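This is what each chain is made of:
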Amino acid sequence: MDFMGFKRANGKVGTRNYVGVLSTVVCANEVARAIADGVQGAVAFTHQQGCCQTPPDLKRVTDTLAGLGNNANLASVLLVSLGCEGTDVKAVAERIQATGKKVETLIIQEEGGAARTRAKGVLLAQQLAVEASALKREPCSSKNIVLGLKCGSSDTSSGLASNPALGVAVERFVSQNAVAIMGEVTEFIGAEHLLAAQAKDKTTGRKIIELVERMENRVKAMGVDMRGGQPTPGNIQGGLTTIEEKSLGAIAKVGSAVVQDVYEYGEVPRVKGLVVMDSPGREPEILTGLAAAGANVIVFTTGRGAPQGFPFVPVIKVTGNMHTWEHLNDHMDLSVHGVMTGDESLDKAGARICDQVLATASGEGTKAEISGYVQAMDIYVTGPVI
Amino acid sequence: MKRDAIVIRVEDNVATAIRNLEAGHEAAVGIGEEVTRLKLRQSIDYGHKMALNDIARGEKILKYAAVIGQATQAIKAGEHVHVHNVESLRGRGDLD
């Protein structure tokens, strides 16, 4: 299993080749967006964070931006800063530079306002885009795939078809020594003991349980009960009997792959194989976290039809719902509804997902990319805005 | 062959209906590439589960080759398996 990718200076492989224009704080979003809009081959990353937050959250923003800049799908990076934010912009630039990647920084308050920063930024990004465009795709082994996993807008078909089919694909990729990253810790609840039993050892299993407890405690600290109504009346009507069954449908997307380690949000895995990353399930935060952790392709299973993509990591939409495949076809990349009708085995559906991942990694456009539905992005923070 | 229900893993003792099925129907149940027949004792709606074999009270219900709960009463092959005859083993403050 091979694909055509962009080999970077640090040995990582990109499946896309963009100039990343990263806003370092919510207040610089407009300028970052305007620069990227003015340059073919540049994409903007904007978010709502970076100032007036608790120190752990500011560290989270700095770490996440460094991770995004380091993503191999970016050939080079332009940081756009306001100049007075809490994000450690210098550290972000240094950490990206350390991977051998070209980084430029523009500070709006130093450049003399938005218009001047925009003009200078467009010229800089154009130059970076020219350099990036000279890079060529080369044959790369599938061990260079870093697969982000996500399910959203789920229905009965998710637990029966698309998630187990993705599980087959994950088993295959990790057997090729690739990396697969699963987040959505909230969806482990009720099945965390089973996922923990899939961990490579007891210590790793305990880390999974602790992640779920931490997520639950955050909700409990709000004085509300997340678990009380699970499964929901709608789930029960749909045939789901227990919370275990519901969560199993979600974690089916890793198949029987062994969990090798557990990481913080956006942290780059230091091992091969399947890893768990702390993340909520909401699209902007998890897609950003997967990208910061180095995902170069994301597979997103959906039942009812979720359209979201990310600016510089292709997001492949897989559905097991035939109606969604037909009705929302401009958002869906692959259908595995044959698993539901008995026309296709899970193994075959999983093999097709593998093929699609490699085709997408080699440059084939996803529906989200083609339609420009790629703005699901934000950084996951856990404290208040102050 | 057209299937009425699917079994996720061979270890499972329940299948999930992929269409609305009538009581008395001889359901075609798919396990991977194989298809077996199961006489339904009750009607089973899309997304709902049926017992593949007789399940004793207290026996574990297996789907995804994992325990999703425990039978609160004896369940016969072809019967509906749901909240009326299965209980969760998780988050049970009443049992602690």
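Residues numbered from 1 in each chain as written. Chains lettered and ligands numbered in written order. Predicted model: local features only at pLDDT ≥ 70, side-chain atom pairs only at ≥ 80, totals over all residues.

Caption draft 1: Looking closely at the environment of A:Ile236. Relative to the elements of secondary structure, A:Ile236 occurs in helix H9 (residues 233–237). Of the residues examined, A:Ile236 has 15 C-beta atoms within 10 Å and is grouped as partly exposed. What A:Ile236 contacts, discounting residues up to four positions off in sequence, is A:Pro231 and B:Val83. (Helix = DSSP H or I, 4+ residues; strand = E, 2+ residues; numbered from the N terminus. Buried ≥ 20, exposed ≤ 12 C-beta atoms within 10 Å, placed from the backbone. Contact = placed C-beta atoms within 7 Å.)

Caption draft 2: Main features of the sheet that holds strand S7 (residues 138–141) of chain A. Spatially, S2-S1-S7 (chain A) is the arrangement adopted by the three strands of the open sheet, whose pairing is antiparallel. Each edge of the open sheet is held by one strand with a lone partner, namely strand S2 (13–14) and S7 of chain A. (Pairing = 2+ DSSP bridges.)

Caption draft 3: Structural view of the interface of chain A and chain B. In this complex, chain A contributes 20 residues to the contact, which on the side of chain B involves 27 residues. For the side of chain A that touches chain B, the per-class residue count stands at eight nonpolar, nine polar and three charged. (Nonpolar A, V, L, I, M, F, W, Y, C, P; charged D, E, K, R; others polar.)

Caption draft 4: Region of interest: the sheet that holds strand S3 (residues 18–23) of chain A. All names here are of chain A. Read from one edge to the other, the open sheet built from four strands follows the order S4-S3-S5-S6, with strand pairing classed as parallel. The open sheet has two edge strands, strand S4 (42–45) and strand S6 (102–107), and neither has a second partner. When the angles between neighbouring strand axes are averaged without regard to direction, this sheet yields 20 degrees. Bridge count for S3 against strand S5 (residues 74–81) is six bridges, and the pairing is parallel. The residue of S5 that forms the bridge with valine 19 is serine 76. (Axes fitted to C-alpha atoms, helices over the stretch in contact; angles between N-to-C directions.)

Caption draft 5: Inspection of the confidence of the model for chain B at higher detail. On average, residues of chain B carry a pLDDT of 91, and 93% of them reach 70 or more. Quick note on the complex model: pTM equals 0.92, ipTM equals 0.94. (pLDDT = per-residue confidence, 0-100.)

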